[in-house]
Amino acid sequence: MNDFDFSSPSRQSAKGVLVLFGLNTYKFIKRSITLLLVFAYSLFQKGSVFGFSINKLILLLIGVILVLLVKAILKYLNFTFYISKDDFHLSTGILKKETVLIPKSKIQNVYIKQNVLQQLINVVQVNVETAGDKSTEISIAALHREKAMQLKAALFSNREAIQLEDTNETEITAAESNVFFKASIKKLLLEGVSQNHLQSFFIIIATIAGLYTNFKDLIKQFKWQNYFGDWFVMDKESFLKTLVLNAFIFVILIIVTFLVSLIKTVIVNYNLKVVDNNKTIEITKGLFNKVSLNLVPSRIQNIQITTNRIKQYFGLHTMNFKQAMVTKKEQKHFAIIGLGKQQIQYLVQRLYNKYNKELEQHKPEHYYKRILILKTIPVIVIINGISFLAIDHYFWLVNIVLIPYIIIAIYWRYKKAYYALDDVYLSIGSGGLLSTTKELLEIHKIQTVSITQSIFQKRRHIASVKVATSSKVVTIPFVKTEEAKTITNYLLYKVESQRLDWM
Amino acid sequence: MFKNEQINLEELPTVDTVTYTSISKTYLKVLLANRIIVFSIMLIALFLMKAYANNINFERSFSIFVIALLVVFVLNIILTILSFSKRQYALRTHDIIYTKGLLVNTVTTLPFIRIQHIEISRSFLARKLNLATLNIYSAGSSGENLSIKGLPLEAANRLNDHITSKLNE
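Residues numbered from 1 in each chain as written. Chains lettered and ligands numbered in written order. Predicted model: local features only at pLDDT ≥ 70, side-chain atom pairs only at ≥ 80, totals over all residues. Heavy atoms only, no water.

Novice: In this structure, what is going on with the overall build of chain A? I would like to understand it.
Specialist: For chain A, the count of helices and strands is 17 helices and 19 strands. A burial count over chain A gives 42% of its 503 residues as buried. Summing over all exposed atoms, chain A offers an accessible surface of approximately 28,800 Å²; the carbon and sulfur share of this is 64%. (Helix = DSSP H or I, 4+ residues; strand = E, 2+ residues; numbered from the N terminus. Buried < 20%, exposed > 50% of the residue type's maximum accessible area, 1.4 Å probe, protein only. Areas by Shrake-Rupley, 256 points an atom, 1.4 Å probe, with all protein chains shown as cover.)

Listed below in structure tokens is the structure:
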């Protein structure tokens, strides 16, 4: 293995031109898709676009491709990076030159990614992320895997040196790493089946609506009546036909939703692997977009463990790691699905090694249930209203289903709510009829603590505590005012007396 | 040697025994002026709609709209005046506390060691009335920042200097 020298400015792999060209082309097509389709349509209808003949169009196309290629080459030539003692330097820009400098100690994540094109030509993409905003995110489009690994090691090098001094353990240098968890296809399928399908249902509806607004004009021109004329002819059976058609569309939608969320889960998490690297925990996953990322314990702000009734039956839990200012898109990579109870326990112990599972769980006050019931009144009114418009006299029949559902849901919501607190950690449980969530955080990572109290709560001497870390706000709901104050005082005391860094 | 003594929860410094300082009374003028401007715009929009809509149904229910708007306006003004005295802040050795809200009261505490940066901002009206807003930012998303509005400029500057000196400790 030859060592790469990162101290002098170097470019990415020459194959990077190809990756950049691919990315640019993809972006170009995505941006002008509507226009291109209109052109294609006009080409097939009239044989020309704005009076341009096919030959001229091909020339134009070649021109566009050349421009994209030249741009990719220039971008490649003007993209250099190097590592000095403490910082990562990057210069980019063809006309508008830009130099970015990131102190190694501020790097939060280094991702290794591979999309289909990068997999084909055997290069990897390296993303360097800080806790700053999106615009400071750095992406190196193409590097040889070996070089990428060494770059990652070099970027993390300082920190390891510090940690070594701290622990003074020589074994760590051996860096024994073991694959701790591997999700089998069976597990992924089970996860896919048992997830919240309602979410993907809405995504599909939104996608269809988005496509429709994009291609509205095109669709209109196709004159659907010619193909489906029968459906629109009004006769005696037309009502029944519409009903059957609607039911048919609905069933198809449900099946599509189910399949989409299933396939998505499998593709995103394909070959999910968790490697215990001693200092960090490495997550690798993905079929078309391979991602590999390292979790550094000090960078984790919150841990969230979720499951639902079906998943619980199969022994499946999802673990989410929240970090400061990670974009929504990247955030979802920080999830490990399909974990068993023991594996969850192991991981929690691994990251939060003083965590004691057997802590006393404190419940919210019973008043919480009453407020939850009061909050559902608008929903009940709205549903009754809709039902009144739809089925007239017997509208109250919905309540036979609705009221018991609300009672059961609130019962479970209250049953699953708790908080537990010790010297180092705060854990909060929540959930509803189906889902169960557990939030864990280290007290020294807290940013602010607030007590909120509505006038109704005030009369009953009840308040809620909101605890914010840099990635998320969690709430301890409906405890006695005195208790809320004690919690707040305790948390602030811990944060202010320990004076530990939050990242 | 590292010690780990038991903490007596009763002896911890508590957030509710501090004496709060109120913000400047003149800030109420700013709040009221803002509300009057917003409602005037809404009222003008309503009249314009009446003039240009030419819709019988709309004209019939026009007075109801105006009355509803006025009721909301009066309630809003009353609430603003009543909850104004709840806008208070307090400084402690290691943190700053800000409380506000009548219907939903919140008491937020931000430890100095978690502050990323602070700034003083002054709107047009605030400059006329010699007021200032002190924004204190912690790390992370916007939900975790403190914004103390309607401080007398001199108090804002003093707070700013004090917190800055704490940050450099």
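Novice: Would you mind showing me how to read the side chain of A:Ser471 here?
Specialist: All names here are of chain A. Looking at where Ser471 falls in the secondary structure, it is placed in the loop between β18 (462-468) and β19 (473-480). Side-chain polar atoms of Ser471 contact the side chain of Asn302, separated by 2.9 Å. Beyond its immediate sequence surroundings of up to four residues, Ser471 is in contact with Gln301, Asn302, Lys322, Gln323 and Ala324. (Polar contact = N/O pair within 3.5 Å; in protein donor to acceptor, adjacent residues only side chain to side chain. Contact = heavy atoms within 4.5 Å.)

Novice: Where do I start with the sheet that holds strand β6 (residues 131-138) of chain B in this structure?
Specialist: Sheet strands line up and pair through hydrogen bonds in the backbone, either parallel or antiparallel. All names here are of chain B. Taken in spatial order, the three strands make up an open sheet running β5-β6-β7, and their pairing is antiparallel. Edge strands, defined here as strands with exactly one partner in the open sheet, are β5 (115-121) and β7 (146-152). Ignoring which end each strand starts from, the neighbouring axes of this sheet average 20 degrees apart. Two strands pair when backbone bridges link them, and β6 and β7 are joined in this way by five bridges, in the antiparallel orientation. Its bridge partner lying in β7, Asn135 is registered against Ser147. (Pairing = 2+ DSSP bridges. Axes fitted to C-alpha atoms, helices over the stretch in contact; angles between N-to-C directions.)

Novice: I would appreciate a short explanation of the pattern of salt bridges in the present structure.
Specialist: Pairs may arise between side chains of opposite charge once their charged atoms sit close together. All names here are of chain A. Here the structure, examined in full by the defined rule, presents nine salt bridges over all chains. Across the pair Lys96 and Glu98 runs a salt bridge, and its minimum N-O distance is 4.0 Å. Take Glu98: its relative accessible area is 38%, and that puts it in the partly exposed class. (Salt bridge = Lys/Arg side-chain N within 4 Å of Asp/Glu carboxyl O.)

Novice: When you look at helix α17 (residues 481-498) of chain A in this model, what are you seeing that I'm missing?
Specialist: Along an α-helix, residues three or four apart share an orientation, since each turn contains 3.6 residues. Taking 1.5 Å per residue as the helical rise, α17(A) with its 18 residues ought to reach 26 Å, and the 26 Å between its terminal C-alpha atoms agrees with that figure. All of the buried residues along α17(A) are A:Thr481, A:Ala484, A:Lys485, A:Ile487, A:Thr488, A:Asn489, A:Tyr490, A:Leu491, A:Leu492, A:Lys494, A:Val495 and A:Glu496. Looking at the buried residues of α17(A), the elements they touch are β14 (418-421), β17 (448-454), β18 and β19 of chain A together with β3 (95-100) and β4 (104-111) of chain B. Following α17(A) by one or two positions, A:Arg499 has its phi on the positive side, about 55 degrees. (Expected span 1.5 Å × (residues − 1).)

Novice: Looking at this structure, how should I read the environment of B:Pro111?
Specialist: Tracing the sequence through the fold places B:Pro111 in strand β4. Considered as a pair, B:Pro111 and B:Ser138 are 27 residues apart in the sequence and their alpha carbons are 9.1 Å apart. Apart from the residues within four sequence positions on either side, B:Pro111 is in contact with A:Gln447, A:Leu492, A:Val495, A:Glu496, B:His94 and B:Asp95.

Novice: When you look at the packing of helix α1 (residues 27-53) of chain B against helix α3 (residues 62-84) of chain B in this model, what are you seeing that I'm missing?
Specialist: To describe two helices that pack against each other, one gives the angle between their axes and the distance between the axes. Residues and elements named next belong to chain B. It is at 11 Å that the axes of α1 and α3 come closest, and there the two elements cross at 175 degrees. Classified by the angle their axes make, α1 and α3 are roughly antiparallel. For the pair formed by α1 and α3, the contact residues are Tyr27, Leu28, Leu31, Leu32, Arg35, Ile36, Phe39, Met42, Leu43, Leu46, Phe47 and Lys50 on the first element and Phe62, Phe65, Val66, Leu69, Val72, Phe73, Asn76, Ile77, Thr80, Ile81 and Phe84 on the second. Here the residues of the contact of α1 with α3 are counted per class, giving 19 nonpolar, two polar and two charged. (Parallel < 35°, antiparallel > 145°, perpendicular 65-115°, else oblique. Nonpolar A, V, L, I, M, F, W, Y, C, P; charged D, E, K, R; others polar.)

Novice: Would you mind going over helix α5 (residues 153-167) of chain B with me for this structure?
Specialist: All names here are of chain B. Compared with the 21 Å implied by 1.5 Å per residue over 15 residues, the 21 Å span of α5 between its first and last C-alpha is a close match. Along α5, the residues that are buried comprise Ala155, Ala156, Leu159, Asn160, Ile163 and Lys166. Looking straight down α5, one finds that the buried residues subtend no more than 135 degrees of arc, so they occupy a single side. What points out from α5, more than 90 degrees from its buried face, is the exposed set Glu154, Arg158 and Asp161. (Arc of directions from axis to C-beta.)

Novice: What is the right way to read the environment of A:Lys357 from this model?
Specialist: All names here are of chain A. Tracing the chain through its elements places Lys357 in the loop between α13 (341-351) and α14 (367-391). Looking at Lys357, the relative accessible area reads 42%, which means it is partly exposed. Here the alpha-carbon distance between Lys357 and Leu20, two residues 337 residues apart in the chain, equals 49 Å.

Novice: What should I look at first to understand the interface of chain A and chain B in this one?
Specialist: For interface size, the figure often reported is the accessible area lost on association. With 32 residues of chain A at the interface, the matching set in chain B holds 30 residues. Counting each side, the surface lost to burial between chain A and chain B is near 2,500 Å², with a carbon and sulfur contribution of 58%. Per-residue buried area on chain A facing chain B is highest for A:Gln447, A:Asn489 and A:Glu496; these three make up 21% of the total on that side. Scanning the region where chain A abuts chain B turns up zero salt bridges. In this assembly, chain A and chain B are joined by eight residue pairs in polar contact (both at pLDDT 80 or more). Elements with a minimum of two residues in the side of chain A that touches chain B: β17, α16 (455-459) and α17 of chain A. Broken down by element, the residue count for the side of chain A that touches chain B peaks at ten residues, all from α17(A). For the side of chain A that touches chain B, the residue count by class is 13 nonpolar, twelve polar and seven charged. (Buried area = accessible area lost by both parts, 1.4 Å probe.)

Novice: For this particular structure, what's the right way to read the packing of aromatic side chains?
Specialist: A full pass over the atoms with the stated rule returns 13 aromatic pairs over all chains. Note on B:Phe47 and B:Phe62: the rings are 5.2 Å apart at their centroids and 70 degrees apart in plane angle, and the pair reads as edge-to-face. You can see B:Phe47 sitting in helix α1 and its partner B:Phe62 sitting in helix α3, a full 15 residues away along the chain. A residue is classified by how much of its surface remains accessible, and B:Phe47, at 44% relative accessible area, is partly exposed. The lysine or arginine in question, A:Lys113, covers the ring of A:Tyr111, its NZ or CZ lying 5.9 Å from the ring centre. Its guanidinium or amino end placed over the ring of A:Trp412, A:Arg309 lies 4.3 Å from that ring's centre, counting from NZ or CZ. (Phe/Tyr/Trp six-rings, centres within 6.5 Å; stacked < 30°, edge-to-face > 60°. Lys NZ or Arg CZ within 6 Å of the ring centre and 35° of its normal.)

Novice: Where do I start with the sheet that holds strand β12 (residues 317-323) of chain A in this structure?
Specialist: Residues and elements named next belong to chain A. On the basis of which strands lie adjacent, the open sheet formed by six strands has the order β13-β12-β11-β16-β15-β14 and antiparallel pairing. Every interior strand has two partners, whereas the edge strands, β13 (335-339) and β14, have only one. Direction aside, neighbouring strands of the sheet carry axes that sit 15 degrees apart on average. Sheet topology note: the β12/β13 ladder contains three bridges and is antiparallel. Within β13, the residue paired with Met319 across the bridge is Ile336.

Novice: Just checking my understanding: could you explain the confidence of the model for chain A for this structure?
Specialist: Detailed conclusions should not be drawn from predicted coordinates in areas where pLDDT is low. Here chain A averages 83 in pLDDT, while 87% of its residues score no lower than 70. The least confident element of chain A is helix α6 (residues 171-174) of chain A, whose mean pLDDT is 38; the most confident is β18(A), at 94. (pLDDT = per-residue confidence, 0-100.)

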